[in-house]
Amino acid sequence: MGTMHRSGAPRRTNENAKVIITTILGIVFGTFIGITLPSLSFKINLPSRLISSLDVAISGDKSPEDFGSRKFPEIYVPTNPRGAELLPPGIVVAKTDFYLRRLWGEPNEDLKKKPKYLVTFTVGFEQRNHINGVVKKFSEDFQILLFHYDGRTTEWDQFEWSKSAIHISTRKQTKWWYAKRFLHPDVVSAYEYIFIWDEDLGVEHFNADKYIELVKKHGLEISQPGLEPNNGLTWEMTKRRGDREVHKDTKEKPGWCKDPHLPPCAAFVEIMAPVFSREAWRCVWHMIQNDLVHGWGLDFALRRCVEPAHEKIGVVDSQWIIHKVIPSLGSQGKSENGKAPWQGVRDRCKMEWTMFQNRLADADKEYLGKMVKD
């Protein structure tokens, strides 16, 4: 009995010591792990959708704060568009369009079909029924944009097509005022061709898709449909010829054309119904003056934007229009000094023509002067 008592005491002491040592080692190991883990990183490749779900589930509303506090790299890219030098090129979107998008769903599923061409009309509500007929000549490949000079826009939704059209409204402004401000080349670069038309054009003999086919076939960068000879005709160049698809030159009155390759005998279309290629419009837009809103004189200078102009500017004869000569914009003028509103508008047009010619001549002279000095 005594032997059993003496041998049991050391055994209990050893067990207690093991417990104490194990506890101490556990504390030490736990402390070590606690200190070490924050400095370690583990990379696990997970599907992007799962990562997005985890981000939302874990971070909740904190992700914008985390993104905002993230330190971005220092960037300066001089080849970026002006003003965007501090951005990585991959995030820069220098151009836009008039494509209508939804407020829901995946962005890449917004557009079932992208319009290839842009057609603009500067309109008043009084011409709504006529414009309704004109728009029907343009297929779904054409984006319709209406500039409203009378401030009336919502009433146009009586026509179904109007609900998918673009509407821009400022009272008593011309199509060239609108074009300079809303048709910047980087805004309309998504469209192969840009139509900038008046509101009083008859289109009974016009088909827009066939017109585009002919423009491409004959390599026209700047064009217009031929004009019915008996209606609103000013220049021989824009008169429709019934024996061909397209013409690029004409004969005018004696003394009007010193060079058969220059306006108004060639390289010339009028400003009532011009059609520009994307590349030509980029040049023409820069030539439009901010304060000269009627565009008079611009038609004689369009040749500066394409080369050779007498080959790339022309009139499409087999798709022609009728100028109805409705002086609707003239009624938007103001009666001054005993003159009717339309007379004041007409006088402004003539004055702008002279001013544009003088500015262009002065710009040529200044440029040539600098070239001589250099």
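Note that this is a predicted model, so its numbers are computed, not measured. (Residues numbered from 1 in each chain as written. Predicted model: local features only at pLDDT ≥ 70, side-chain atom pairs only at ≥ 80, totals over all residues. Heavy atoms only, no water.)

Asker: Can you walk me through the overall build of the protein chain in this structure?
Answerer: Across its full length, the protein chain carries 10 helices and nine strands. In the protein chain, which comprises 374 residues, the proportion classed as buried is 36%. A sequence separation of at least 24 residues applies to 71% of the contacts in the protein chain between residues at least 6 apart. On the protein chain, roughly 23,600 Å² of surface is accessible, and the fraction owed to carbon and sulfur atoms is 55%. (Helix = DSSP H or I, 4+ residues; strand = E, 2+ residues; numbered from the N terminus. Buried < 20%, exposed > 50% of the residue type's maximum accessible area, 1.4 Å probe, protein only. Contact = heavy atoms within 4.5 Å. Areas by Shrake-Rupley, 256 points an atom, 1.4 Å probe, with all protein chains shown as cover.)

Asker: Would you mind showing me how to read unusual backbone geometry here?
Answerer: Leaving glycine aside, a negative phi is the common case for residues, and trans is the common case for peptide bonds. Backbone torsion omega between P263 and P264 reads 0 degrees, so that peptide bond is classified as cis. Within the secondary structure, P264 sits in the loop between β7 (246-247) and β8 (275-277). The step from E307 to P308 runs through a cis peptide bond, and the omega angle for that step is -15 degrees. Relative to the helices and strands, P308 is located in the loop between α8 (298-301) and α9 (309-312). Its identity as a non-glycine residue notwithstanding, K172 has a phi of 55 degrees, on the positive side. Counting through the fold element by element, K172 comes out in the loop between β3 (166-169) and α5 (175-182). Even without being glycine, A267 reaches a positive phi, approximately 50 degrees. Tracing the backbone shows A267 in the loop between β7 and β8. You can call A267 buried: its relative accessible area is 0%.

Asker: Just to check I follow, could you spell out the confidence of the model for the protein chain for this structure?
Answerer: When pLDDT is averaged along the protein chain, the result is 86; 80% of the residues meet or exceed 70. Every residue in residues 1-12 scores below 50 in pLDDT, and together they form zero contacts with partners more than four places removed in sequence or on other chains. Within the model, pLDDT remains below 50 along residues 37-60, and this stretch shows five contacts once partners closer than five positions in the same chain are excluded. (pLDDT = per-residue confidence, 0-100.)

Asker: Explain helix α4 (residues 128-135) here, please?
Answerer: Think of an α-helix as turning once every 3.6 residues; residues three or four places apart then point the same way. Within α4, burial applies to I131, N132, V134 and V135. The arc that holds the buried residues of α4, viewed along the axis, is 165 degrees, so those residues lie on one side. Where α4 is buried, its residues contact β1 (117-123), β2 (142-148) and β5 (201-202). (Arc of directions from axis to C-beta.)

Asker: Is there a simple way to think about the pattern of salt bridges in this case?
Answerer: Pairs may arise between side chains of opposite charge once their charged atoms sit close together. Counted by the stated rule, this structure contains 17 salt bridges. Across the pair R101 and D110 runs a salt bridge, and its minimum N-O distance is 3.4 Å. Taking the relative accessible area as the measure of exposure, R101 reaches 48% and is therefore partly exposed. E155 is the salt-bridge partner of R152, the closest N and O atoms lying 3.1 Å from each other. (Salt bridge = Lys/Arg side-chain N within 4 Å of Asp/Glu carboxyl O.)

Asker: Which parts of the structure should I look at to understand the environment of K216?
Answerer: Within the secondary structure, K216 sits in helix α6 (residues 208-217). Along the backbone, K216 and S277 are 61 residues apart, and their C-alpha atoms lie at a distance of 9.7 Å. Engagement of the side chain of K216 in a polar contact is seen with the side chain of Y117, the distance being 3.3 Å. At 3.2 Å, the side chain of K216 and the side chain of E192 are in polar contact. (Polar contact = N/O pair within 3.5 Å; in protein donor to acceptor, adjacent residues only side chain to side chain.)

Asker: I would appreciate a short explanation of a nonpolar patch on the surface in the present structure.
Answerer: A cluster of nonpolar residues, Y367, L368 and M371, forms a patch on the protein surface that exposes about 340 Å² of accessible area. For M371, the position within the fold is in helix α10 (residues 341-373). (Patch = residues over 30% accessible without salt bridge, like charges linked within 9 Å, V, L, I, M, F, W, Y side chains within 5 Å.)

Asker: Would you mind going over the pairing of β2 with me for this structure?
Answerer: Along any regular strand, the residues point their side chains to alternate faces of the sheet. Among the seven residues of β2, seven are classified as buried, and the element is accordingly described as predominantly covered. Of the two faces of β2, the one lined by F142, I144, L146 and H148 and the one lined by Q143, L145 and F147 are each fully buried. Here seven bridges tie β1 to β2, and the two strands are oriented parallel to one another. Each bridged residue has a counterpart across the sheet, and for T122 the counterpart in β2 is F147. Regarding topology, α4 serves as the crossover connection from β1 to the parallel β2, and that connection is right-handed. (Pairing = 2+ DSSP bridges. Right-handed = clockwise from strand over helix to strand, strands pointing away.)

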